[in-house]
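Listed here are the chains, written in short residue letters.
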Amino acid sequence: MLEPDPNYFSSFVCSGEIFELKAELNSDKKEKKKEAVKKVIASMTVGKDVSALFPDVVNCMQTDNLELKKLVYLYLMNYAKSQPDMAIMAVNTFVKDCEDPNPLIRALAVRTMGCIRVDKITEYLCEPLRKCLKDEDPYVRKTAAVCVAKLHDINAQLVEDQGFLDTLKDLISDSNPMVVANAVAALSEIAESHPNSNLMDLNPQTINKLLTALNECTEWGQIFILDCLANYTPRDDRESQSICERVTPRLSHANSAVVLSAVKVLMKFMEMLPKDLDYYGTLLKKLAPPLVTLLSAEPELQYVALRNINLIVQRRPEILKHEMKVFFVKYNDPIYVKLEKLDIMIRLASQANIAQVLAELKEYATEVDVDFVRKAVRAIGRCAIKVEQSAERCVSTLLDLIQTKVNYVVQEAIVVIKDIFRKYPNKYESVIATLCENLDSLDEPEARAAMIWIVGEYAERIDNADELLESFLEGFHDESTQVQLQLLTAIVKLFLKKPTETQELVQQVLSLATQDSDNPDLRDRGYIYWRLLSTDPVAAKEVVLAEKPLISEETDLIEPTLLEELICHIGTLASVYHKPPSAFVEGSRGVQHKRLPGSTGFPDTGSAAGGSDAPPAVIPSQGDLLGDLLNLDLTPPATTGPPPPPTSGMQLGAMDLLGGGLDSLVCFLHTSMGAGFGAAPAASPASFSAPVSGGLDDLFDLGGGVGMPMGAYNPPKTVWLPAMKGKGLEISGTFARRAGIIQMEMTLINKAMSVMTDFAIQFNRNSFGIAPAGPLQVLTPLSPNQTIEVALPLNTVGPVMKMDPLNNLQVAVKNNIDVFYFSCQYPISVLFVEDGKMERQVFLATWKDIPNDNESQFQIKDCHLNSDAASSKLQGSNIFTIAKRTVDGQDMLYQSMKLTNSIWVLAELRVQAGNPTYTFLSRPTCSIW
């Protein structure tokens with residue numbers, strides 16, 4: 001290690017000294033030469049231009065003195081880019097030094113080679129680098145591994161052509177853990193800049209080598225390996241548990257970066273562990289102590305830890321649910337630490353700990369730091385909204401704070417009480433009188449707007465509501481837009497509740513809003529109210545005084561998809577900013593969007609095992625989709641009028657699939673497929689070991705009773721995204737299967753005042769891998785009040801994850817205004833394929849092989865169709881009757897269906913002539929999920 005001498009940095013190089021240094025650099029005396037190089041480096045460090053000495057310094061490379069060689073290499077790295085032609089002079093020395101018997105010199109040479117970013121000399125450095133990558137000394141190999149990444153950044157094609165990437169992959173199997181760590185670091189860096197290169201081809205064997213090296217390498221090497229492990233998706237929960245067990249010891253590491261990287265790996269792999277597993281609970285307990293320990297570091301590290309903990313408790317609050325006290329604020333905490341701790345306290349608040357949380361918050365509200373006091377008062381309101389049992393205590397605490405008459409405390413309290421009123425209407429209105437007493441002290445727009453809202457909302461309970469609102473109206477034009485809008489709405493509410501007393505007041509505010517204001521939002525709202533009141537007062541009352549939706553418990557939670565991505569970036573800047581890397585990395589070069597794996601589905605299993613492209617089979621359980629058939633509406637088809645709308649209790653169960661008395665049979669298949677799923681046999685059996693007799697034997701002698709198909713059922717459209725949640729965009733839709741293609745048919749209505757463009761759609765992983773087959777085609781801008789019909793073709797090759805309910809589909813729709821999320825449910829019948837008619841012999845063999853214990857039976861009442869009509873209608877939805885037989889006047893239909901992921905459903909339908917009750921039987925052919 002070079003010891004710096006401050007005397008070198010106190011001198012300044014002038015033109016005369018350059019010649020003196022040149023002479024010293026060419027001196028025969030080694031000490032004099034070394035002193036001269038030190039002076040050159042010192043001048044370079046303080047910003048002096050000593051590039052004129054380049055050839056003289058390069059000549060000093062020919063030395064055995066390691067200290068001098070380091071200084072020369074340092075000079076080279078700095079000036080090689082500005083003197084590329086001169087830098088070629090050093091190539092021979094690099095080649096020679098890479099074969100030096102001293103491994104430190106070999107490593108120094110290869111490190112410097114990687115730092116000289118000159119295209120002209122990179123090709124000359126390939127051979128020395130190749131030798132160093134296979135050097136006998138691990139120090140040289142680990143240095144050469146990093147050099148490959150630097151060279152790749154200069155000339156990626158050259159690195160690939162020279163085969164350095166393959167050599168780098170081989171180094172992952174190196175016996176030295178530091179070589180492994182540097183190879184992983186180099187490959188990860190290259191993979192980030194080239195996301196489609198698939199360099200980090202991780203498999204169980206590679207993962208085992210990385211985990212072995214993890215225990216022996218340095219702390220930074222451990223971080224590289226842990227970050228690499230976080231990009232791996234295990235094959236099953238057993239492998240996931242094994243990796244977690246080997247990573248868990250890193251939680252006790254002294255370096256906080258290692259701890260956070262280990263937490264990131266464990267948070268990801270926990271998604272794949274069954275929650276009923278004993279190890280899952282053990283892992284939750286092990287994660288808490290290291291996170292708590294991070295809070296004993298210096299404030300800057302505390303803040304980073306708290307930002308990461310904020311994400312963790314949003315995803316898994318159970319990890320720290322018993323550690324509330326460590327987040328209590330200390331008197332000497334910086335304000336940024338205090339605010340972050342306060343946020344986490346609210347996230348962990350529950351009925352069990354709310355008493356001590358409120359006691360702390362009340363104490364914080366008496367602090368001297370104004371920003372912190374405001375946040376503490378708001379936190380009390382958030383507690384009331386989150387924990388309903390604590391609401392009364394929270395309101396009482398807020399009233400105590402109002403009695404302090406501290407201006408900013410009173411104003412914050414009024415703002416949060418407004419939110420409490422919205423969460424618990426008609427429950428705590430007795431405090432309104434106290435709030436009105438403090439009306440004159442309000443000078444902040446948000447507090448004034450909140451008070452105006454309260455007066456307007458509860459005008460019928462406040463005797464002098466008109467006087468209170470009129471006092472605000474006197475300085476209408478001096479108020480902020482927020483207060484003006486709230487005052488306009490409040491006075492209109494007051495007029496609708498007390499029309500005879502406030503007619504003059506409402507005319508005054510409407511005139512101020514429409515004629516004397518230049519704010520377009522205020523003017524538009526004023527005109528809307530004016531026209532409503534003048535044309536249809538009854539409609540105005542229904543609109544303005546409509547029942548309002550309750551506010552949500554947590555309004556500041558990070559959106560789930562973003563939270564998953566941020567969990568995958570724990571320990572990085574993204575987890576501190578709470579923004580994805582693409583939001584702050586310039587150009588988003590190499591940034592990949594990461595997602596947590598599903599808790600039960602393993603999307604990479606197929607490719608890892610055998611490279612099959614087929615989506616994994618999804619086998620629903622009986623409990624997932626089994627509906628209560630006794631409650632289904634099985635009335636015969638109506639002669640006139642449209643079919644009834646779907647009920648809210650069981651959307652799929654009420655759909656009119658067949659348009660007749662058998663409607664609910666396929667509705668039953670929508671909601672009760674669980675007992676009949678099984679994989680189809682690979683081939684028909686050549687012979688049977690026993691003669692066929694009785695039971696299903698007769699089906700080979702019967703015609704089958706298959707009628708002509710009458711067309712597939714398409715459910716009516718329902719509203720998926722209300723305009724209120726879609727910022728004016730309303731989406732209603734349904735699913736249909738047309739010509740073998742699943743379609744998502746949507747109606748888009750723009751109920752906003754602005755044009756909507758740039759539509760796009762994305763699905764979350766789902767049970768059957770349903771995904772858009774193309775972009776959402778909205779070719780023209782959607783103008784206000786315009787309606788368009790869109791048909792989106794779908795396929796079933798997307799990623800698979802079991803949903804609850806099984807046919808649930810989570811959708812994100814984006815436009816120029818925002819991204820909107822909603823869930824809908826698709827009928828299982830759209831997944832029935834056209835080649836779902838099983839061969840009779842295969843059907844018989846499969847049915848006979850299923851144990852009787854697996855059979856489930858259901859009663860379907862009030863069906864008035866005969867068996868032929870039922871069979872014909874069911875075939876329209878690709879539910880095929882294989883055979884029909886009659887026993888004691890009862891028709892028995894044997895049916896098969898095949899889903900898009902090649903899973904078969906076998907069923908038996910029993911129809912008794914003159915009896916409106918059908919019996920439906922199904923048998924699972926394999927283990928239930």
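All values reported here derive from a predicted model rather than from experimental measurement.

J.: Any chance you could explain the overall build of the protein chain here in plain terms?
T.: From N to C terminus, the protein chain includes 39 helices and 14 strands. Scored against the burial criterion, the 929 residues of the protein chain give a buried share of 51%. Looking at the protein chain alone, contacts between residues at least 24 apart form 68% of all its contacts between residues at least 6 apart. About 42800 Å² of surface is accessible on the protein chain, with carbon and sulfur atoms providing 50% of the total.

J.: Can you help me understand the sheet that holds strand β9 (residues 819–825) in this one?
T.: Remark on secondary structure: sheet strands pair via backbone hydrogen bonds, oriented parallel or antiparallel. Within the open sheet, the three strands sit side by side as β5-β8-β9. Their pairing is antiparallel. Taken across any chain shown, the strands that pair with only one partner, and hence form the sheet edges, are β5 (760–763) and β9. The mean inter-strand angle of the sheet, taken between neighbouring strand axes irrespective of direction, is 25°. Bridge count for strand β8 (residues 808–814) against β9 is seven bridges, and the pairing is antiparallel. When the sheet's bridge partners are listed, Lys814 is paired in β9 with Val819.

J.: I would appreciate a short explanation of the packing of aromatic side chains in the present structure.
T.: Any aromatic ring pair is given by two values, namely how distant the centres are and how the planes are angled relative to each other. Summed over the entire model, instances satisfying the criterion amount to 11 aromatic pairs. With centroids separated by 5.5 Å and ring planes inclined at 90°, the aromatic side chains of Tyr303 and Tyr336 adopt a geometry described as edge-to-face. Here the residue Tyr303 occupies a position in helix α20 (residues 299–315), and Tyr336 occupies one in helix α21 (residues 335–348), the gap between them amounting to 33 residues. Ring geometry for Phe735 against Tyr826: centres 6.0 Å apart, planes inclined by 70°, an arrangement best described as edge-to-face. Placement of Phe735 in strand β3 (residues 729–738) and of Tyr826 in the loop between β9 and α38 (840–849) is noted, with a sequence separation of 91 residues between them. Judged by its relative accessible area of 1%, Phe735 is buried.

J.: How should the sheet that holds β3 be read in this particular structure?
T.: Spatial ordering of the open sheet is given by β2-β3-β4-β7-β6, a layout of five strands whose pairing is antiparallel. With one partner strand each, in any of the chains shown, β2 (718–721) and β6 (771–772) form the two edges of the open sheet. Strand direction decides the pairing type here: β3 and strand β4 (residues 741–750), joined by 10 bridges, are antiparallel. Its bridge partner lying in β4, Ile731 is registered against Leu748.

J.: Would you mind going over a negative patch on the surface with me for this structure?
T.: On the surface, a cluster of negative charge is made up of Glu467, Glu470, Glu474 and Glu504. By the secondary structure assignment, Glu504 is in helix α30 (residues 503–514).

J.: Just to check I follow, could you spell out the environment of Ile225 for this structure?
T.: In this fold, Ile225 is placed in helix α16 (residues 219–229). Ile225 gets classed as buried once you look at its relative accessible area, which sits at 0%. Expressed as a C-alpha distance, the spacing of Ile225 and Ile207, which sit 18 residues apart in the sequence, is 9.5 Å. Once you skip the residues sitting within four places of it in the chain, Ile225 turns out to touch Ala181, Val184, Leu210, Ala213, Leu214 and Cys217.

J.: How do you make sense of the side chain of Glu479 when you look at a structure like this?
T.: Within the secondary structure layout, Glu479 lies in the loop between α28 (465–473) and α29 (481–497). Of note is the side chain of Glu479, whose polar atom sits 2.5 Å from the side chain of Arg448. Beyond its immediate sequence surroundings of up to four residues, Glu479 is in contact with Arg448, Phe472 and Gln484.

J.: How should I be thinking about the confidence of the model for the protein chain in this particular structure?
T.: Reading predicted coordinates in detail is not appropriate for stretches of low pLDDT. On average, residues of the protein chain carry a pLDDT of 78, and 83% of them reach 70 or more. Residue range residues 11–15 is modelled with pLDDT below 50. Its contacts to residues more than four positions away, or to other chains, number five contacts. In this model, residues 599–710 is a region of pLDDT below 50 whose contacts with residues beyond four sequence positions or in other chains number 237 contacts.

J.: So what exactly am I meant to see when it comes to the packing of α28 against α30 here?
T.: Axes are the key here: two packed helices are described by the angle between their axes and the distance separating the axes. Between α28 and α30, the least distance of the axes is 11 Å, while the angle of their chain directions is 25°. Here α28 lies roughly parallel to α30, going by the angle between them. Considering only the axes of α28 and α30, their crossing is left-handed. When α28 is examined against α30, the residues Asp466, Glu470 and Leu473 are found in contact with a partner set consisting of Leu505, Gln508, Val509 and Leu512. Its residues assigned to classes, the contact of α28 with α30 shows four nonpolar, one polar and two charged.

J.: What is the right way to read the pattern of salt bridges from this model?
T.: Pairing between side chains becomes possible if they bear opposite charge and their charged atoms approach one another. The tally for this structure, following the rule as stated, stands at 36 salt bridges. The salt bridge involving Asp227 is made with Lys264; its shortest N-O contact spans 2.8 Å. Within this pair, whereas Asp227 is found in helix α16, its partner Lys264 is found in helix α18 (residues 256–270), the two being separated by 37 residues in sequence. Accessibility expressed as a relative area gives 27% for Asp227, which makes it partly exposed. On the basis of relative accessible area, Lys264 is assigned to the buried category, the value being 6%. Its salt-bridge partner being Lys884, residue Asp868 comes within 2.9 Å of it at the nearest N-O pair. Note that Asp868 is positioned in helix α39 (residues 867–875) and Lys884 in strand β11 (residues 880–887), a separation of 16 residues in sequence. It is possible to trace a salt-bridge network through shared partners that takes in Glu271, Arg315, Arg316, Glu318 and Glu564.

J.: So what exactly am I meant to see when it comes to the environment of Asn807 here?
T.: Mapped onto the fold, Asn807 is located in the loop between β7 (787–795) and β8. Engagement of the side chain of Asn807 in a polar contact is seen with the backbone oxygen of Tyr826, the distance being 3.2 Å.

J.: Quick question: what am I supposed to make of the nonpolar core here?
T.: Across soluble globular proteins, nonpolar side chains have a tendency to be buried as a group. Counting 211 residues, the largest nonpolar core has Tyr75, Phe94, Leu129, Leu210, Leu361 and Phe421 as its most contacted members. Setting aside anything within four residues of it in sequence, one finds Phe94 in contact with Met61, Tyr73, Leu76, Ala109, Thr112, Met113, Ile116 and Leu125. Membership of the second largest hydrophobic core comes to 50 residues, among which are Phe763, Ile879, Leu893 and Val911.

J.: What is the right way to look at the packing of helix α10 (residues 126–133) against helix α11 (residues 138–154) in this model?
T.: One can describe the packing of α10 onto α11 by two numbers: an axis separation of 8 Å at closest approach and a directional angle of 140°. By the angle between their directions, the pair α10 and α11 is classed as oblique. As α10 runs across α11, the sense of the crossing is left-handed. Contacts from Leu129, Cys132 and Leu133 in α10 reach Val140, Arg141, Ala144, Ala145, Cys147, Val148 and Leu151 in α11.

J.: Explain unusual backbone geometry here, please?
T.: Backbone geometry follows two general trends: most residues other than glycine have a negative phi, and most peptide bonds adopt the trans configuration. Across the junction of Asp804 and Pro805, the peptide omega takes the value 0°, indicating a cis bond. Along the chain, Pro805 falls in the loop between β7 and β8. Phi at Asn785 takes a positive value of approximately 70°, unusual for a residue other than glycine.

J.: I keep staring at the pairing of strand β12 (residues 890–898) and nothing clicks. Help me out?
T.: Counting buried positions over the nine residues of β12 gives eight, a clear majority of the element. As judged from the seven bridges shared by β11 and β12, these two strands associate in the antiparallel manner. Residue pairing for β12: Arg885 is matched across the bridge by Met892. The turn joining β11 and β12, which pair antiparallel and follow one another in sequence, is formed by two residues; a positive phi near 55° is taken by Asp888. Across nine bridges, β12 lies against strand β13 (residues 903–912) in antiparallel orientation. Across the sheet, the residue bridging to Gln895 is Ala907, located in β13.

J.: Sorry, what's going on with helix α3 (residues 30–45) here?
T.: An α-helix turns once per 3.6 residues; consequently, residues spaced three or four apart project the same way. Its 16 residues place the ends of α3 22 Å apart at the C-alpha level, agreeing with the 22 Å of an ideal helix rising 1.5 Å per residue. Those residues of α3 lying buried are Lys33, Lys34, Ala36, Val37, Lys38, Val40, Ile41, Ala42, Ser43 and Met44. Positioned one or two residues after α3, Gly47 has a phi angle of 95°, which is positive.

J.: What's the story with a nonpolar patch on the surface in this structure? I'm lost.
T.: Taken together, the side chains of Leu573, Tyr577 and Phe584 present a nonpolar region at the surface, about 280 Å² in accessible area. Inspection of the secondary structure puts Tyr577 in helix α34 (residues 573–577). Since its relative accessible area comes to 42%, Tyr577 is described here as partly exposed.

J.: Teacher, can you tell me more about the state of the cysteines here?
T.: By definition, a disulfide links the sulfur atoms of two cysteine residues through a covalent bond. For the structure on display, the rule yields zero disulfides. Counting only cysteine sulfurs, Cys98 is the nearest neighbor of Cys132, a cysteine outside any disulfide, at a range of 3.9 Å. On the basis of relative accessible area, Cys132 is assigned to the buried category, the value being 0%.

Conventions used here
- Residues numbered from 1 in each chain as written.
- Predicted model: local features only at pLDDT ≥ 70, side-chain atom pairs only at ≥ 80, totals over all residues.
- Heavy atoms only, no water.
- Helix = DSSP H or I, 4+ residues; strand = E, 2+ residues; numbered from the N terminus.
- Buried < 20%, exposed > 50% of the residue type's maximum accessible area, 1.4 Å probe, protein only.
- Contact = heavy atoms within 4.5 Å.
- Areas by Shrake-Rupley, 256 points an atom, 1.4 Å probe, with all protein chains shown as cover.
- Pairing = 2+ DSSP bridges.
- Axes fitted to C-alpha atoms, helices over the stretch in contact; angles between N-to-C directions.
- Phe/Tyr/Trp six-rings, centres within 6.5 Å; stacked < 30°, edge-to-face > 60°.
- Patch = residues over 30% accessible without salt bridge, like charges linked within 9 Å, V, L, I, M, F, W, Y side chains within 5 Å.
- Salt bridge = Lys/Arg side-chain N within 4 Å of Asp/Glu carboxyl O.
- Lys, Arg positive; Asp, Glu negative; His and termini not counted.
- Charge placed at Lys NZ, Arg CZ, Asp CG, Glu CD.
- Polar contact = N/O pair within 3.5 Å; in protein donor to acceptor, adjacent residues only side chain to side chain.
- pLDDT = per-residue confidence, 0-100.
- Parallel < 35°, antiparallel > 145°, perpendicular 65-115°, else oblique.
- Left-handed = near helix turned anticlockwise from the far one by under 90°.
- Nonpolar A, V, L, I, M, F, W, Y, C, P; charged D, E, K, R; others polar.
- Core = buried A, V, L, I, M, F, W, Y, C linked by side-chain atoms within 4.5 Å.
- Expected span 1.5 Å × (residues − 1).
- Disulfide = S-S within 2.5 Å.

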